[in-house]
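# Topology and contacts: notes
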Amino acid sequence: MSTDNELFSAVDALLEQVAQDDLPSPAERKRLREAAGLSQAQIAAALEARREAVGNWEAGRTEPRPPKRAAYARLLEGLAARFPAEPDKTPTAQVPEVPEAFTGPAPSAVVDQQAAPASAPVAPRPRAADSSGRQSSGRPGVRKAAAKPPASTSASADPRFENGPLAVIHVEDGQTLAYCVGGLVLDVPATSLPALVAWTLAEARLGQPKLAGPGKDADPLIVLTEAALERYSLPTRLSDEERLSGRLPESHKVVRQLARAEWKLTKRGFGPWARIYRPAQGSERQCVQLCIPSWNALDARHWLDAAHLPPADLARLLGTYASRVMTPRGSTAVTGLELMTALHPPTRASEPDASGKRHSEHNPGSLGKDPVDCAPCEAPDGHPLLAGLPRFHQRRPGEVLVEEAYDWARPLTDDECTKRHLVGIDVNMAFAAGANGTVVGLGAPTHVTNPVFDPKLPGSWLVDLSHVDLSRVKSGKEWVQLEADLLPSPFTPKGERPDGPAWYATPTVAYAVELGYTVAPSEAYVRYDNGRYLDGWYNRLRDAYVATMADLGVTADLSPDEFLAAMDGYRDNDPHMAIVVSAVKATVKGGIGKLRERPRGEGWKPGQPWRALSRPTWRPDIRAAVISKTRTNMHRKMLKHAAFTGQYPIAVLSDCAVYAADGPSPLDFLPYREGKPLPGGFRLGVSPGMVKHEGTQSVLWGEGVREEHGADLNLARYIKDGSIIHTDTGE
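Presented here is an overview of the structure given in this document. (Residues numbered from 1 in each chain as written. Predicted model: local features only at pLDDT ≥ 70, side-chain atom pairs only at ≥ 80, totals over all residues. Heavy atoms only, no water.)

### Examining the overall build of the protein chain
Helices and strands together make up the secondary structure of the protein chain, namely 20 helices and 24 strands. A total of 731 residues make up the protein chain; the buried ones form 52% of that total. A fraction of 72% describes how many contacts in the protein chain between residues 6 or more apart in sequence connect residues 24 or more apart. Of the roughly 33300 Å² of accessible surface on the protein chain, a fraction of 50% belongs to carbon and sulfur atoms. (Helix = DSSP H or I, 4+ residues; strand = E, 2+ residues; numbered from the N terminus. Buried < 20%, exposed > 50% of the residue type's maximum accessible area, 1.4 Å probe, protein only. Contact = heavy atoms within 4.5 Å. Areas by Shrake-Rupley, 256 points an atom, 1.4 Å probe, with all protein chains shown as cover.)

### Notes on the environment of Pro 671
Inspection of the secondary structure assignment puts Pro 671 in the loop between β21 (656–661) and β22 (672–673). The spacing of Pro 671 and Thr 645 is 26 residues in sequence and 7.6 Å in space, taken between C-alpha atoms.

### Details of the sheet that holds strand β17 (residues 501–505)
Sheet architecture is open: 4 strands sit in the order β13-β18-β14-β17, paired in antiparallel fashion. Of all strands in the sheet, those bounded by a partner on one side alone are β13 (446–449) and β17. Each strand axis lies, on average, 20 degrees off the axis of its neighbour in the sheet, ignoring direction. Summarising the sheet, strand β14 (residues 459–464) and strand β18 (residues 523–526) pair through 4 bridges and their orientation is antiparallel. In the sheet register, Leu 462 faces β18, and the bridge partner there is Glu 523. (Pairing = 2+ DSSP bridges. Axes fitted to C-alpha atoms, helices over the stretch in contact; angles between N-to-C directions.)

### Quick notes on unusual backbone geometry
Cis geometry marks the peptide bond from Pro 66 to Pro 67; its omega dihedral reads 0 degrees. Summarising the element assignment, Pro 67 is placed in the loop between α4 (51–59) and α5 (68–82). Although it is not a glycine, Glu 48 sits at a positive phi angle of roughly 55 degrees. Among the secondary structure elements, Glu 48 is positioned in the loop between α3 (40–47) and α4.

### A look at the packing of aromatic side chains
Inspection of every chain in the model, using the stated rule, returns 11 aromatic pairs. Consider the rings of Trp 57 and Tyr 72, whose centres lie 4.8 Å apart with planes at 45 degrees: the pair is tilted. Of the two residues, Trp 57 is situated in helix α4 and Tyr 72 in helix α5; the sequence distance between them amounts to 15 residues. Taken individually, Trp 57 and Tyr 72 each receive the classification buried, so the pair is uniform in this respect. Their ring planes at 80 degrees and their centres at 6.0 Å tell us that Trp 610 and Trp 618 sit as a pair that is edge-to-face. For Trp 618, a relative accessible area of 3% corresponds to the buried category. Taken together, the aromatic side chains of Trp 604, Trp 610 and Trp 618 make up a single cluster linked through ring pairs. Taking the ring centre of Trp 263 as reference, the NZ or CZ of Arg 278 above it sits at 3.8 Å. For the cation-ring pair, Arg 472 lies above Trp 479, with the distance from its terminal atom to the ring centre recorded as 4.2 Å. (Phe/Tyr/Trp six-rings, centres within 6.5 Å; stacked < 30°, edge-to-face > 60°. Lys NZ or Arg CZ within 6 Å of the ring centre and 35° of its normal.)

### Some remarks on the pairing of strand β2 (residues 175–179)
β2 sits mainly inside the fold: 4 of its 5 residues count as buried. Pairing of strand β1 (residues 166–172) with β2 involves 5 bridges; the strand directions are antiparallel. Bridge assignment links Ile 169 to a residue of β2, and that residue is Ala 178. Hairpin connection from β1 to β2: 2 residues lie between these consecutive antiparallel strands, with Asp 173 at a positive phi of about 55 degrees. The antiparallel pairing of β2 with strand β3 (residues 185–187) creates a hairpin that spans 5 residues between the two strands, and Gly 182 there sits at a positive phi of about 75 degrees.

### Side note on the packing of helix α11 (residues 311–324) against helix α16 (residues 535–551)
Put simply, α11 and α16 touch, their axes get as near as 9 Å, and they point 140 degrees apart. One way to sum up the angle between α11 and α16 is to call them oblique. From α11, Ala 322, Ser 323 and Arg 324 reach across to α16, where they touch Arg 540, Ala 544, Ala 547, Thr 548 and Asp 551. (Parallel < 35°, antiparallel > 145°, perpendicular 65-115°, else oblique.)

### Some points on the sheet that holds strand β5 (residues 264–265)
One open sheet holds the 7 strands; their spatial order is β3-β2-β1-β4-β7-β6-β5, and the pairing between them is mixed. The sheet terminates laterally at β3 and β5, the two strands that pair on one side only. Against the sheet, α11 engages β1, β2 and β4 (221–224), with an angle of about 170 degrees to β1.

### A closer look at the pairing of strand β16 (residues 478–481)
Note: strand β15 (residues 472–475) against β16, 4 bridges, orientation antiparallel. What sits directly across from Val 473, in β16, is Val 480.

### Some thoughts on the state of the cysteines
For the coordinates displayed, the defined rule picks out 0 disulfides. Just so you know, Cys 377 is unpaired, no disulfide at all, and the nearest cysteine sulfur is the one on Cys 374, 8.1 Å from it. (Disulfide = S-S within 2.5 Å.)

### Examining the pattern of salt bridges
For the structure on display, the rule yields 34 salt bridges. Glu 404 serves as the salt-bridge partner of Arg 596, at 3.8 Å between the closest nitrogen and oxygen. Highlighted residues: Arg 596 in the loop between α18 (575–594) and α19 (620–645) and Glu 404 in the loop between β9 (360–362) and β10 (407–409), separated in sequence by 192 residues. Where salt bridges share partners, they join Glu 378, Arg 527, Arg 619 and Asp 621 into one cluster. (Salt bridge = Lys/Arg side-chain N within 4 Å of Asp/Glu carboxyl O.)

### Structural notes on the nonpolar core
One finds Trp 303, Trp 537, Met 549 and Val 584 to be the most contacted residues of the largest nonpolar core, which totals 109 residues. In terms of residue count, the dominant contributor to this core is α18 (9 residues). Sequence-distant contacts of Met 549, that is, excluding residues within four places in its chain, are made with Val 554, Met 567, Tyr 570, Val 581 and Val 686. Formed by 33 residues, the second largest nonpolar core is a distinct cluster that contains Val 188, Trp 199, Leu 224 and Leu 248. (Core = buried A, V, L, I, M, F, W, Y, C linked by side-chain atoms within 4.5 Å.)

### Description of helix α20 (residues 699–709)
For α20, the set of buried residues is Val 699, Trp 701, Gly 702, Val 705 and Arg 706. Here the buried residues of α20 occupy an arc of 160 degrees about the axis, which is enough to place them on one side. Opposite the packed face of α20, turned more than 90 degrees from it, sit the exposed residues Leu 700, Glu 707 and Glu 708. Looking at the buried positions of α20, the neighbouring elements they touch are β10, α13 (414–417), β11 (421–427) and β24 (691–698). Once α20 finishes, Gly 710 follows within two positions and takes phi at roughly 115 degrees, a positive value. (Arc of directions from axis to C-beta.)

These results come straight from atomic positions and should not be treated as a statement about function.
As structure tokens, this is what we get:
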């Protein structure tokens, strides 16, 4: 049990200021948390409590007990000082209505400038929407929203960002407009890009509060439509040379305009996700993030047709993503990685020293601000640690850690050929579920020889697992007999049984122990400084996914039959929210992949460092641990299913498994008794780790495409629509 001081330190990481011990009303507790942009999971982690407990405190169902009560009071008092409640003196004020699918803060009512104090900053006046009803921009009509109590209106939002996290800039009928979340439309007076940046920072009131106490507020995001690009003298499309380099040349007149106005660009230059800034002065940040869809900023693989939406619809879509995940900082992969840092900032303010000053110090539980070297076995080919290897050397399993997702298939048995259907099931947010609860290293590895395996210690282990016999394994507390040839090995991506010592991440070795076998590593690289670094990341992305699926009519309380029915055509219920679902899933996969980003041109040669290695978030060991956990989670479900039903997968690709069945539905082979699934097995539902129907084809189709394209064809890759031209999308 943590002491009061330890709890206060965790709270100070969220607040960085002093508080008192009494508790406000339950409604006020919720208002304060939402005003600060904190999740219940973040507060629960700081107080070493359950997320459900924080929800009960905010609902008034229960009260915290010492020592958590004093720490919780300290948190709320600090939030109250930072976000005081303001009485609603204008109950009839007009505010733009917030669409039901958008859960971010509503834009504030616009107060008449004549009634405002002379010293108060003047907010941009919302522009009345065009009454002609033209659809070219998706501009909404003027709407009124009934006044609500302060706890649920913009009074609880940060007034600095009252117009939301972003704006889509569009030009129509010669006027430049900013489409914000909630249907708000602002006039934009800026006639040049430097002026647009200055207007955004000085008047637009765009941005998003930080996700963690020691972190930084999100910079405002400005999305430029093709019409806006033309207005600001930018090309609507990049040339082939510009597209390959990913940026405009330094000689472009707009780049020169920015330089003359003393604005700077980051190292990636003026590209699809340009960042324009001036060096910070003290705690004052001056930075604007640009997004240019027509330059392929919104990759169609993840954002589908978002780049072609009208401005108002695009603002709603990106605003929903920003409120539930974070303001996009680049591609979904970049945003996934940035979310990790936003939830665990590398530094925090120290306690005051003797002179009363605070200093920057390491934030416990983060990856810090400096990169760390990986272990040699964790280094990908071409890494500087491997510069001494002979050219074209192929590393064997005893030299390199290979933790990847499944890509395995086998021939159908005679019994399976008598069935009519091949049914694919897909694990929802599989890599997010793999990240949940996984202990990962926070610091540099330590090399040890002949270690005793510790399943709680993250690292890479050189161990021989070839003795693990899948024909006789432990499932729970009982030994079970299985047909080993019909199951993939849990230890290799291709499902082949190991033939000697190899490097494995901790979850893989721990699974061998779970199956009832002893392990004796000969060496390891372990990380004694560790923690559940990705839990907050998982919680936020899980909540984003589940909330958006609920907007599409797929909720967590559905029965298996109701769930399958709801998933049938769910994207048609709201195509824009379906895009958000796609982007959230891509954020998970891309964020994990970005932990081991490879070199991307720039004249790189093997043995030389590349840009990503300078990041503290370049951590191939964390990526390996998550993939290892995801793969063993999948194997555990397949094993339990086989032990209970005698049914085995025919093909597995990443998070999709294909089974032969007499009927076309997952319910034709998944065991359910009185609506309850097999404990530890596959379970239909919307939450991460549960499964959905991926697709159904006939057994005749499966045998036919294998005969045409080869017996090794992985049917899980094509089970969704039967087409052999598509590759895995992770759906």
